[in-house]
Every structure is written in C-alpha cells, then in structure tokens.
Amino acid sequence: MTSHSNEPMPATAPDAPPPAGHAPDVLVTGAGGFLGRHLVRGLAERGHRVRVLARPGSDRSPFADTADDVVTGSLEDRESLRRAAAGVTHVYNCAGVSADWGPWEEFRRANVDGPRNVVEAAHHAGSVARVLHVSTTDVYGYPKEPCDESRPPRDIGLPYNRSKVLGERAVQQASEATGVPVTIVRPVSVYGPASKDFVIEIGGLLRQNQMIYIRKGEVPAGLLYVDNAVDAMIAAAGSERTVGRAYNLRDPDRTTWREYIEALAEGMGTGTPKLSLPTPLATALAVCSEGLYKALRVTSRPVLTRHAVHLFDRDQSYGIHRAQEDFGFKSEVDFAEGMRRTLAWLDSDEGHRHVAR
Ligand SMILES: NC(=O)c1ccc[n+]([C@@H]2O[C@H](COP(=O)([O-])OP(=O)(O)OC[C@H]3O[C@@H](n4cnc5c(N)ncnc54)[C@H](OP(=O)(O)O)[C@@H]3O)[C@@H](O)[C@H]2O)c1
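Small disclaimer: the values here were computed from a predicted structure and weren't measured. (Residues numbered from 1 in each chain as written. Predicted model: local features only at pLDDT ≥ 70, side-chain atom pairs only at ≥ 80, totals over all residues.)

## A short note on the overall build of the protein
Moving on, step 1. Scanning the protein from terminus to terminus reveals 12 helices and 11 strands.
Moving on, step 2. A globule of 357 residues ought to have a C-alpha radius of gyration of about 21 Å, and the protein, at 20 Å, matches this closely.
Moving on, step 3. Expressed along its principal axes, the backbone C-alpha trace of the protein runs to roughly 60 × 40 × 40 Å.
Moving on, step 4. In the protein, which comprises 357 residues, the share counted as buried stands at 49%.
Moving on, step 5. For the protein, long-range pairs separated by at least 24 residues make up 78% of all intrachain contacts whose partners lie at least 6 apart in sequence. (Helix = DSSP H or I, 4+ residues; strand = E, 2+ residues; numbered from the N terminus. Rg over C-alpha atoms; globule rule 2.2 N^0.38 Å. Buried ≥ 20, exposed ≤ 12 C-beta atoms within 10 Å, placed from the backbone. Contact = placed C-beta atoms within 7 Å.)

## Side note on unusual backbone geometry
Moving on, step 1. Unusually for a residue other than glycine, N209 sits at a positive phi of about 60 degrees.
Moving on, step 2. Here N209 lies in the loop between helix 5 (196-207) and strand 8 (213-214).

## Structural notes on the sheet that holds strand 1 (residues 26-29)
Moving on, step 1. Sheet architecture is open: seven strands sit in the order 3-2-1-4-5-6-10, paired in parallel fashion. Looking along the sheet, the strands with just one partner apiece sit at the ends: strand 3 (69-72) and strand 10 (246-249). Adjacent strand axes in the sheet meet at a mean angle of 20 degrees when their direction is disregarded.
Moving on, step 2. Where strand 2 (residues 50-54) meets strand 3, four bridges bridge the pair, whose relative direction is parallel. Following the sheet pairing, A54 is matched in strand 3 by T72. (Pairing = 2+ DSSP bridges. Axes fitted to C-alpha atoms, helices over the stretch in contact; angles between N-to-C directions.)

## Focus on the nonpolar core
Moving on, step 1. V28, A85, A122, M233 and L249 are the most contacted members of the largest nonpolar core, which has 92 residues in total.
Moving on, step 2. Leaving out residues up to four positions away in the same chain, A85 has contacts with L27, V91, A121, A122, H124, A125 and V128. (Core = buried A, V, L, I, M, F, W, Y, C linked by C-beta atoms within 7 Å.)

## Examining helix 7 (residues 257-268)
Moving on, step 1. Along its 12 residues, helix 7 runs 16 Å from first to last C-alpha, staying within 8% of the 16 Å computed at 1.5 Å per residue.
Moving on, step 2. Buried residues of helix 7: W257, Y260, I261 and L264, and no others. Buried residues of helix 7, seen end-on, are gathered within an arc of 90 degrees and therefore sit on one face of the element.
Moving on, step 3. Buried-residue contacts for helix 7 involve helix 5, strand 8, strand 9 (223-225) and helix 9 (306-313).
Moving on, step 4. Just beyond helix 7, the residue with positive phi is G269, at close to 75 degrees. (Expected span 1.5 Å × (residues − 1). Arc of directions from axis to C-beta.)

## Remarks on the confidence of the model for the protein
Moving on, step 1. When pLDDT is averaged along the protein, the result is 94, and 94% of the positions lie at 70 or above.
Moving on, step 2. Long-range and interchain partners of residues 1-13, a stretch whose pLDDT sits below 50, account for 28 contacts in this model, where long-range means more than four residues apart. (pLDDT = per-residue confidence, 0-100.)

## Describing the site of the ligand
Moving on, step 1. In the neighbourhood of the ligand, 26 residues make up the surrounding shell, with G30, G32, G33, S58 and G96 lying closest.
Moving on, step 2. Among the secondary structure elements, those contributing two or more residues to the shell around the ligand are helix 1 (34-45), helix 3 (104-125), strand 7 (189-191) and helix 5.
Moving on, step 3. For the shell around the ligand, the leading source of residues is helix 1, giving three residues.
Moving on, step 4. Here the shell around the ligand is composed, by residue class, of 10 nonpolar, 12 polar and four charged. (Near = placed C-beta within 6 Å. Nonpolar A, V, L, I, M, F, W, Y, C, P; charged D, E, K, R; others polar.)

## A look at the packing of helix 2 (residues 78-85) against helix 3
Moving on, step 1. One way to put it is that helix 2 packs onto helix 3 with a least axis distance of 8 Å and a crossing angle of 50 degrees. By the criterion of interaxial angle, the relationship of helix 2 to helix 3 is oblique. Judged by the sense of rotation from one axis to the other, the crossing of helix 2 with helix 3 is right-handed. Residue-level contacts link R78, L81, R82, A84 and A85 of helix 2 to N117, V118, E120, A121, A122, H124 and A125 of helix 3.
Moving on, step 2. For the contact of helix 2 with helix 3, the class distribution of residues is seven nonpolar, two polar and three charged. (Parallel < 35°, antiparallel > 145°, perpendicular 65-115°, else oblique. Left-handed = near helix turned anticlockwise from the far one by under 90°.)

## Focus: the environment of D313
Moving on, step 1. Structurally, D313 can be placed in helix 9.
Moving on, step 2. In the structure, D313 is positioned 88 residues away from Y225 in sequence and 21 Å away in space, judged by C-alpha atoms.

## A look at the pairing of strand 10
Moving on, step 1. Residues A246 and N248 line one face of strand 10 and the alternating positions Y247 and L249 line the opposite face, and both faces are buried.
Moving on, step 2. Bridge analysis of strand 6 (residues 182-187) against strand 10 gives four bridges, and the strand direction is parallel. The residue bridging V185 from the neighbouring strand is Y247, located in strand 10.

## Notes on the packing of helix 3 against helix 4 (residues 159-178)
Moving on, step 1. Between helix 3 and helix 4, the shortest axis-to-axis distance is 8 Å and the interhelical angle comes to 20 degrees. Considered as vectors, helix 3 and helix 4 are oriented roughly parallel to each other. Like other packed secondary-structure pairs, helix 3 and helix 4 cross with a definite hand, here right-handed. Where helix 3 approaches helix 4, its residues W104, F107, R108, N111, V112, P115, R116, V119, E120 and H123 are matched on the opposing element by P159, Y160, S163, K164, L166, G167, A170, V171, A174, S175 and T178.
Moving on, step 2. In terms of residue class, the contact of helix 3 with helix 4 is built from 11 nonpolar, six polar and four charged.

## Some points on helix 1
Moving on, step 1. Relative to the 16 Å expected for 12 residues at 1.5 Å per residue, helix 1 spans 17 Å between its end C-alpha atoms, a close match to the ideal helical length.
Moving on, step 2. With respect to burial, helix 1 is a largely interior element, nine of its 12 residues being buried.

## Considerations on the environment of L206
Moving on, step 1. Here L206 is to be found in helix 5.
Moving on, step 2. You can call L206 buried: it has 21 C-beta atoms within 10 Å.
Moving on, step 3. Considered as a pair, L206 and I261 are 55 residues apart in the sequence and their alpha carbons are 8.6 Å apart.
Moving on, step 4. With residues near it in sequence (within four places) discarded, L206 still touches M211, L264, A265, M268 and T270.

Here it is in structure tokens:
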C-alpha cells in the first residue's frame, strides 16, 4: 500500500466533523449489519453526516435514525459505489460475507471483488482521504499460538479465511494502483447488541439447550466489545500513522469462551452447556458433516464446521500493541459493562425478536 494519493486529499480527519448542515462526509458500507450499524451510530454521535450503501430489499431499520443519506446498491454494482463515494472524505467498508459456510462465489464477490471496487470508487470520487477496510484475524489461518501483525496472512483453504486474505490483497493492490490511502483493521470476535454470531446464535443455542463447548470452553476467545471496535475504527481512519498498515483489534482481557457463555446464560436465565468435545473429536465431526453436506449437495450449514472448531479451539489473544501505539487503541468498555449492554439488548423488543424467550 502507499501513503500518497494521486488526488488532492482534504485534511479533514473523521474526528473533526464538518459543521452541521453539510453534505455527507463519510460513507459506511454494510450499515445494516452488526458492525456497520454501530459504526453509523458512532459516527453520527460525533457529528458526522453519514451516507450508507444498502442493498435493494435489505432491512433499513438499523440505520433509520442515524444515517443521513442512503444509496441503494451493492459491492458488486460499481456504479452505485461511485454514487455512494461521491464527495465523502472517509469510506468505511463494513460490508462482507461473515460466515463459516457458504458458496465460494458469494465469499469471493463480497470479500475480494467488493473491497477492490470500494477502493476504485473512492479513487473515482477524488475526495476520499482514507478507506478503512474491515478484515479479521482469521486471515492468520488460526495459528496454534496467537500472533501479531508481523506474521503474514495465511490462506488455509477455508472460504472465509481465504476470501479475507485475498480481500486484503485486493485492497492493497487497488491502493497501490490508485494512490488511495487505505487502512485495514482485523477485529477478533466482536460481541454486543445485534451480534449475529456471538449473541443471536449462541443465545438461541443456549435457549434450546444445544450449545456445547470445545476444550471445555477454556480457551481465550479474543473478544472485542462492539463500541470499542467502533472507537478503534474511527481513530484508525483519522490517524496519519495508520496509512498502509493493518491492525489487530481485541479487548485486552483474556476472557475465555466459558466465561463469556456462562455470563450470557446467567443473564438470559438459561442453563449452561453440559457437553464438551475434545478437539480431535470436534474436528472429525466437522470434517464428516462438511463432507456429507457436500456429497448430498445440501446447501444449509453443517452441524459443525472446521472454521467454528478453530475459533473455539485456538487461543485468540492476538497482539494489539501496534494499534495501542499508532492510534492509542483503548477499550473503554470492559467485559462486565459490555455484557450488561448486550443482555439489555437481548431483553429489548428487538432482542426478543431475534432470540425468543
Ligand atoms: N462480527 C464479527 O465478530 C467480525 C469479526 C471480525 C471481522 N468482521 C468483519 O466485519 C465485517 C462486518 O461483519 P458483521 O458481523 O457486521 O456482518 P453482518 O452482520 O453479516 O453484516 C454484513 C453486512 O454486509 C452487507 N453485505 C454483504 N454482502 C454485500 C454486498 N455484496 N454488497 C453490499 N453489502 C453487502 C450486508 O447487507 P444486508 O444487510 O443486505 O444483508 C450486511 O449489511 C465483515 O467484513 C466481517 O468479515 C466481523
């Protein structure tokens, strides 16, 4: 990546919002998703006028009260991206397929071609001082020991991991080709109100008594509360030091999956998992169920996937010193408060719609 753009860039940083009444100054893709909706709110609270890109037919309620402008389109529709990026100074790419299973073509279109199109649209706009692309620590390929950013990404052949590795590469190449300054963040496991993976899904499994542990849940989960993620993304996008760099993001404490799941279960008033699988058995089950679904051409998600086993089996305490040093990354919300807010959401009308009592 390069730190210099071919286009004249405004000096405006996202922590210095324009005066009220101005046209949208930031674009958020994926605003209807978990990370995106919280980011739109965080930017609006800081005085930004936020434009979002929303797919036709997608739920717009998550940003109905916070976004100033909606462009209908998608990551694949380059014309819509150009309309969305016109005139903004910062682009946050939160859109993507975040899943442990699914057709490769969907991962490729959203997670590889999509970010490349975002950088190209930013270049076309000529006003964009930074594109912040949301990647993931899954790019490391689930190493046995957690690492920092000095370890290069590793494609281990699982679709999410592969698409995010290729997505980072696509962003870097597009940045080099166009001169648009890009910053990449790699959150670990983000939780909070409306988290699809770690609140709605795990909450639903707890309700149905179907949640199990792997390795007794004793592995550090690498959690990041969503408001801490938002703070970090805005700070990273506004720092000159972050141009052309990638940053791991997680909360500093080493909360284990068991601690997380027990806190969720206690707050929801459900039981806790009774069954724990050792890693070899969980891996065998994942390999068999993935193989069976493939052979039978079943498109729904298998009972267990290798991706899920890796997440629950590997210590996810990835190093965050670089983010602390370069843009003062600090998790303002601790685990107790993050869980309190998460449980309050689960108890709200919206929470009940997602995880029935
Ligand atoms: N959640 C985590 O723990 C976590 C951790 C690390 C990294 N990340 C990364 O953070 C990003 C956001 O994750 P999330 O948890 O917020 O996911 P999410 O809740 O599934 O939201 C994804 C968003 O992307 C949009 N989207 C998907 N494909 C698109 C396309 N082709 N064109 C336009 N929009 C598209 C979706 O639109 P619709 O509303 O129309 O469906 C949705 O708004 C992803 O890149 C993910 O890899 C997430």
